[in-house]
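A structural walkthrough
Residue-level listing of the chains:
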Amino acid sequence: MELTDHLFRHEAGRMVAVLTRLFGVHNLALAEDVVQDAFCRALEVWSFRGVPENPAAWLMAAAKNRALDVLRRERTARTHEPELNRFLQSEWTLAPVVEEMFGDNAIKDDQLRMMFSCCHPRLPEDAQVMLMLNILCGFGIDEVAAAFVTTYTAVEKRIPRAKKVLAESKRLFDTEAPEDFSDRLSAVQRALYLLFNEGYHGASAEFAVRAELCDEAIRLTKLLLEHPLGATPSSYALSALMCLNKARLPARVDASGRLNSLFDQDRSLWDQRLIGEGLQLLERSAEGSELTEYHVEAGIAAVHATAPSMQATNWHEIVSLYDTLMTIRPTPIVALNRAIAVGQRDGAECGLRELRAIPDSERLAKYPFYHAALGEFELQNGQAENATGHFEIALKLARNQMERKFFGNRISSCSPTARAQ
Amino acid sequence: MSDFTFLYRGRDTNTSPEQMQKTMEKWRAWFKQLGENGHLKDPGHPLENAGKVVKGKQKSVTDGPFAEAKDVVGGFTLIQARDLEQAVELSKNCPILGVGGSVEVRPIQVINL
């Protein structure tokens with residue numbers, strides 16, 4: 001029996017979610033100990049005696065039995081979730097209640113409860129994302145650190161601090177209350193969006209773990225779609241956006257770890273199945289009148305994903321979507337992308353004019369791709385010397401090896417010999 | 001061919017789920033290789049950390065073994081090898097060495113009459 005990839009990691013999230021519901025959020029650490037114990041047993045027994053027929057069920061059963069032990073032993077010593085307490089006090093009700101809580105659908109609800117609980121308003125956004133990654137995706141401290149390209153010590157401090165806030169919130173988030181649900185939903189979507197982008201923009205050969213963040217974000221967003229209150233048009237749009245972008249990731253960073261711009265991506269590497277799924281989700285997101293930034297971004301991703309080539313891309317559509325996005329979220333980066341799209345639609349000259357007209361373009365001064373965009377249009381305009389200058393600034397601002405290599409290549413393509421080809 | 005036991009000490013419990021899954025895959029690959037090369041007599045078993053120690057004529061029973069975690073035998077395997085030297089060579093690929101543990105290689109006594 002072979003194990004599926006990341007089985008332990010995914011089961012860890014499910015197990016912690018149900019155990020925390022059972023023990024109460026203030027006993028999060030106890031839940032984590034029980035999970036760790038179940039994994040230690042699996043590691044030893046499976047190593048020596050082979051992997052059981054249904055590994056996930058085995059792990060869950062190990063966690064359940066251990067939880068029953070803990071509850072019996074500490075019945076009087078601990079307080080649990082208030083509404084469960086009375087069931088857990090008596091042996092007559094203990095086993096059946098615990099059995100029911102370990103059902104598949106109950107666990108899905110528990111994961112959602114945990115997801116909403118992690119997005120506690122007292123926590124900064126990036127702490128919410130780290131917490132989700134740690135608790136719901138089973139990432140260890142060093143794996144979270146690798147995913148965020150930060151130090152072990154930084155994460156080692158932040159996660160326990162965030163967990164303390166969670167534990168002090170006394171109760172898990174109540175996903176049955178429609179009003180609270182919609183209030184918290186946008187924070188949850190935002191955290192999932194950040195989780196996805198952290199992976200998407202950071203994916204590289206050097207940090208392979210980061211592409212996995214995209215998968216985790218997609219997986220958690222699907223959980224949202226399975227809940228009647230979570231399956232809103234904006235959740236569908238978010239999910240569509242993730243699928244349509246993830247589908248193109250294999251071409252964005254190729255096997256040799258090279259970053260490719262949209263110009264020279266090998267479109268045959270795009271994941272057509274995922275594009276199809278993204279388009280279906282996008283269609284479902286159109287129900288209702290709500291228009292969020294996720295809708296617009298998914299719309300842009302859909303135009304790119306269905307275009308046969310850079311030239312045959314519907315740039316009119318993309319510019320108009322960026323115009324809409326500017327009214328919802330007018331950030332310098334959105335303005336930059338809009339200017340690039342205008343340049344694609346109307347020619348390099350117009351692109352340059354738009355780039356220079358970005359209202360607070362000084363906020364982009366440290367962003368390497370702003371200078372790269374100037375370089376790209378200068379080059380298209382036949383101004384190789386100007387282009388080289390811009391690419392050189394971009395190179396100085398590059399944030400990692402992959403970007404440095406990319407801008408280095410752009411500089412060499414400005415030389416007369418490269419252009420003659 | 002002679003029989004040997006491998007006694008494993010030291011377990012690494014403080015890692016992430018992903019790391020534990022990887023460690024387990026290593027153990028399984030190791031056992032598989034031993035089996036394919038005809039060295040695995042019995043994969044043996046992992047042992048619980050705590051049990052009882054029964055001692056002396058009084059047959060006194062205490063909780064045990066209460067050694068340091070790294071010194072407790074965590075499992076055993078029965079191995080077939082040409083000689084002690086080959087058994088030692090085989091043990092060098094054991095994944096427990098990668099997490100700071102040890103393998104004790106002990107020939108099983110045989111009396112040839």
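Predicted, not measured: the structure shown is a model, and the values here were computed from it. (Residues numbered from 1 in each chain as written. Chains lettered and ligands numbered in written order. Predicted model: local features only at pLDDT ≥ 70, side-chain atom pairs only at ≥ 80, totals over all residues.)

**A short note on the overall build of chain B**
The condition is simple: Helix and strand assignments follow DSSP, with helices taken as H or I runs no shorter than four residues and strands as E runs no shorter than two, numbered in order from the N terminus. Any residue surrounded by 20 or more other C-beta atoms within 10 Å of its C-beta is treated as buried, while 12 or fewer makes it exposed and the intermediate range makes it partly exposed; C-beta atoms here are placed from the backbone. Contact definition: two residues whose C-beta atoms, as placed from backbone geometry, lie within 7 Å.
A tally of regular secondary structure across chain B gives 2 helices and 6 strands. Starting at the N terminus and walking to the C terminus, you meet the elements of chain B as β-α-β-β-β-β-α-β. The buried share among the 113 residues of chain B stands at 25%. Within chain B, contacts between residues at least 6 apart in sequence are counted, and of these 76% link residues at least 24 apart.

**Description of the sheet that holds strand β1 (residues 2–9) of chain B**
All names here are of chain B. Cut-off, in case you're wondering: In short, DSSP must find at least two bridges between two strands for them to pair. Under this scheme, a helix contributes an axis fitted over its contacting stretch, all axes are lines through C-alpha atoms, and angles between N-to-C directions fall in the 0 to 180 degree range.
Ordered in space as β2-β5-β1-β6, the 4 strands form an open sheet in which the pairing is antiparallel. For this open sheet the edge positions go to β2 (40–46) and β6 (102–107), each flanked by a neighbour on one side alone. Strand-to-strand twist across the sheet, computed as the mean angle between neighbouring axes with direction ignored, equals 15°. The sheet contact formed by β1 and β6 spans 6 bridges and is antiparallel. Note on β6: the bridge partner recorded for T5 is R106.

**Quick word on unusual backbone geometry**
Even without being a glycine, H6(A) presents a positive backbone phi close to 60°. Inspection of the secondary structure puts H6(A) in the segment before α1 (7–23). Taking the C-beta count within 10 Å as the criterion, H6(A) has 18 such neighbours and is therefore assigned partly exposed. Even without being a glycine, K59(B) presents a positive backbone phi close to 55°. Along the chain, K59(B) turns up in the loop between β3 (51–55) and β4 (60–64). C-beta crowding within 10 Å serves as the criterion here: with 7 such atoms nearby, K59(B) is assigned to the exposed category.

**Points about the confidence of the model for chain B**
Rules: Each residue carries a pLDDT value, the predictor's own confidence for that position, ranging from 0 to 100.
Of the residues in chain B, 98% reach a pLDDT of 70 or more, and the chain-wide mean stands at 90. This prediction of the complex comes with two scores: 0.86 for pTM and 0.87 for ipTM.

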